[in-house]
Amino acid sequence: MMSCRNIFKTSLFILFLLPLLNLQAQDVTGKWKTIDDNTGEERSIVEIYEEEGEYFGRIEEVLAEDADELCGNCKGDKKDQPLAGLVIIEGLNREGEVYEGGTILDPANGNVYNCKMELEDSDTLKVRGYRGISLLGRTQVWHRVE
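Residues numbered from 1 in each chain as written. Predicted model: local features only at pLDDT ≥ 70, side-chain atom pairs only at ≥ 80, totals over all residues. Heavy atoms only, no water.

Participant: Please explain the overall build of the protein as it appears in this structure.
Facilitator: Each helix and strand in the protein was counted, giving one helix and eight strands. N-terminal to C-terminal, the α/β element order of the protein is α-β-β-β-β-β-β-β-β. By residue count, 30% of the 146 residues in the protein fall in the buried class. By sequence separation, contacts in the protein at least 24 residues apart represent 35% of the contacts at least 6 residues apart. (Helix = DSSP H or I, 4+ residues; strand = E, 2+ residues; numbered from the N terminus. Buried < 20%, exposed > 50% of the residue type's maximum accessible area, 1.4 Å probe, protein only. Contact = heavy atoms within 4.5 Å.)

Below you can see the structure in the form of structure tokens.
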């Protein structure tokens, strides 16, 4: 039979581990609200999904005034495609708590950047686009949408 002291120690240990286990179980899949860096306005809802071990992100909804906007600055097969439905994140791999190794498209200018994502908490995602090394880039904070 366990003593009260052992029960107390075991309970404290479990209480300490629960938040850590919860964070480990979370991933980036789901819907995220993007915010414009310059204006602070909500721009879009992006759904991040996993396919064969890689992570992708598709614009599900454009929240800006012109929801029928096309990606005029995009290149290749994405040129002049509607923003809604456009895949902007491609080929990320999960390395522990970081998702990297893929790309992100900025529809505003048509440029494609290396991409790195990391959960700050269950409802906050840091998305970094960069060229070359990660230090030379920009980070946006996205918020989970239920």
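Participant: Explain the pairing of strand β2 (residues 42-51) to me, please; I cannot follow it from the model alone.
Facilitator: Each regular strand shows side chains that alternate between the opposite faces of the sheet. In terms of strand pairing, strand β1 (residues 30-35) meets β2 through six bridges, oriented antiparallel. When the bridges of β2 are listed, tryptophan 32 appears paired with valine 46. Where β1 folds back on β2, the antiparallel hairpin that results is connected by six residues, among which glycine 40 adopts a positive phi of roughly 80 degrees. Taken together, the eight bridges between β2 and strand β3 (residues 54-62) define a ladder with antiparallel strand orientation. Bridge pairing in β3 places glutamate 50 opposite tyrosine 55. What sits between β2 and β3 in their antiparallel hairpin is a turn of two residues, with glutamate 52 showing a positive phi close to 55 degrees. (Pairing = 2+ DSSP bridges.)

Participant: Can you walk me through the environment of aspartate 27 in this structure?
Facilitator: By secondary structure assignment, the location of aspartate 27 is in the loop between α1 (4-25) and β1. Not counting residues within four places of it along the chain, the set of residues in contact with aspartate 27 comprises Tyr55, Arg94, Tyr99, Leu119 and Arg144. A distance of 2.6 Å separates a polar atom in the side chain of aspartate 27 from a polar atom in the side chain of threonine 29. (Polar contact = N/O pair within 3.5 Å; in protein donor to acceptor, adjacent residues only side chain to side chain.)

Participant: I tried to follow the pattern of salt bridges on my own but got confused; where do I start?
Facilitator: If the charged atoms of two oppositely charged side chains come close together, the side chains can form a pair. Summed over all chains, the structure comprises seven salt bridges. Notably, a salt bridge pairs arginine 43 with aspartate 36, separated by 3.9 Å at the nearest N-O pair. (Salt bridge = Lys/Arg side-chain N within 4 Å of Asp/Glu carboxyl O.)

Participant: It is not clear to me how the layout of surface pockets should be interpreted in this structure. Could you clarify?
Facilitator: Here the idea is plain: a probe the size of a water molecule rolls over the atoms and shows the empty space left. Reported here for the largest pocket is a volume of approximately 660 Å³. Only β1, β2, β3, β5 (98-106), β7 (124-130) and β8 (137-145) provide two or more residues apiece to the lining of the largest pocket. (1 Å grid on protein atoms, 1.4 Å probe; cavity = no way out; pocket = protein on both sides within 12 Å on 5 of 7 lines; lining within 4 Å. Points joined across faces, edges and corners; volume = space filled by probe spheres on them.)

Participant: Before we go on, may I ask you to explain the state of the cysteines in this structure?
Facilitator: Structurally, a disulfide amounts to a covalent bond that connects the sulfur atoms of two cysteines. Enumeration according to the criterion identifies one disulfide in this entry. Covalent S-S linkage joins cysteine 71 and cysteine 74, the inter-sulfur distance amounting to 1.7 Å. Here cysteine 71 and cysteine 74 share a disulfide; its torsion about the S-S bond, 50 degrees, makes the bridge right-handed. (Disulfide = S-S within 2.5 Å.)

Everything listed here is a matter of geometry and, on its own, says nothing about what the molecule does.
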